[in-house]
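Residues per chain are reported as follows:
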Amino acid sequence: MNKNNKEEGYLPEEMKHAYEQMQHGRARMEAIRAAMEAADSHEDTPFRIYFRLELCRESCFYGDCMDMMVIFPQALSIADRYPDTPSTCFDSGYLDAMDHILVAAHFF
């Protein structure tokens, strides 16, 4: 992680741990969306994809499935633009972010 990100308060791992403590549903989706927006503003491509997939999962199972129809193509678009994006520390079992997206697509 970039030292400047820490100084600016951008800590994606802590954001993830924070929303994992919330109950599933609207509040958790809002927290994931805030994490996604923070990753976007910091141009953190691995977490831009990761948080979108997290939001897809949460929306699909605990919210409005239509959100997934908007968010999943965004994750694909980011991965298409940055095909060598590595996985985050939370999805390191995948070869890269695109591998994570393709596997996740089977579960939605």
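Here is a short report on the structure shown in this document. Predicted, not measured: the structure shown is a model, and the values here were computed from it.

About the thresholds
Residues numbered from 1 in each chain as written. Predicted model: local features only at pLDDT ≥ 70, side-chain atom pairs only at ≥ 80, totals over all residues. Heavy atoms only, no water. Helix = DSSP H or I, 4+ residues; strand = E, 2+ residues; numbered from the N terminus. Buried < 20%, exposed > 50% of the residue type's maximum accessible area, 1.4 Å probe, protein only. Core = buried A, V, L, I, M, F, W, Y, C linked by side-chain atoms within 4.5 Å. Contact = heavy atoms within 4.5 Å. Expected span 1.5 Å × (residues − 1). Axes fitted to C-alpha atoms, helices over the stretch in contact; angles between N-to-C directions. Parallel < 35°, antiparallel > 145°, perpendicular 65-115°, else oblique. Left-handed = near helix turned anticlockwise from the far one by under 90°. Nonpolar A, V, L, I, M, F, W, Y, C, P; charged D, E, K, R; others polar.

Before going further, it helps to spend a moment on unusual backbone geometry. Positioned with a positive phi, glutamate 43 is a non-glycine residue whose angle comes to about 50 degrees. Inspection of the secondary structure puts glutamate 43 in the loop between helix H3 (26–41) and helix H4 (45–62). Judged by relative accessible area, glutamate 43 falls into the exposed class, the value being 65%.

For soluble globular proteins, the rule of thumb is that nonpolar side chains tend to be buried together. Counting residues in hydrophobic clusters, the biggest one holds 26 residues, and the most contacted among them are Ile49, Phe51, Leu53 and Ile101. Mapped by element, the contributors of at least two residues to this core are H3, H4, helix H5 (65–81) and helix H6 (97–105). Top element by residues in this core is H4. It accounts for eight residues. Among residues more than four places away in sequence, those in contact with isoleucine 49 are Ala75, Ile78, Ala79, Thr85, Ala97 and Ile101.

Another aspect to go through is H3. Taking 1.5 Å as the rise per residue, H3 with 16 residues should run 22 Å; its terminal C-alpha atoms sit 22 Å apart, in good agreement. Of the positions making up H3, those classed as buried are Arg28, Met29, Ala31, Ile32, Ala35, Met36, Ala38 and Ala39. Those residues of H3 hidden inside the fold are in contact with helix H2 (12–20), H4 and H5.

Moving on to the packing of H4 against H5. Orientation of H4 relative to H5, taken along the N-to-C sense of each, is 160 degrees, at an axis distance of 8 Å. By the angle between their axes, H4 is roughly antiparallel relative to H5. The chirality of how H4 crosses H5 is left-handed. When H4 is examined against H5, the residues Thr45, Arg48, Ile49, Arg52, Leu53, Leu55, Cys56, Ser59 and Cys60 are found in contact with a partner set consisting of Cys65, Asp67, Met68, Ile71, Phe72, Gln74, Ala75, Ile78, Ala79 and Arg81. When grouped by side-chain class, the residues that make up the contact of H4 with H5 number 12 nonpolar, three polar and four charged.

Let's shift gears to the packing of H2 against H3. Between H2 and H3, whose axes approach to 9 Å, the crossing angle comes to 175 degrees. Considering their axes alone, H2 and H3 lie roughly antiparallel with respect to each other. Within the contact between the two elements, H2 uses Met15, Tyr19 and Glu20 and H3 uses Arg28, Ala31, Ile32, Ala35 and Ala38. Partitioned by chemical class, the residues of the contact of H2 with H3 number six nonpolar, no polar and two charged.

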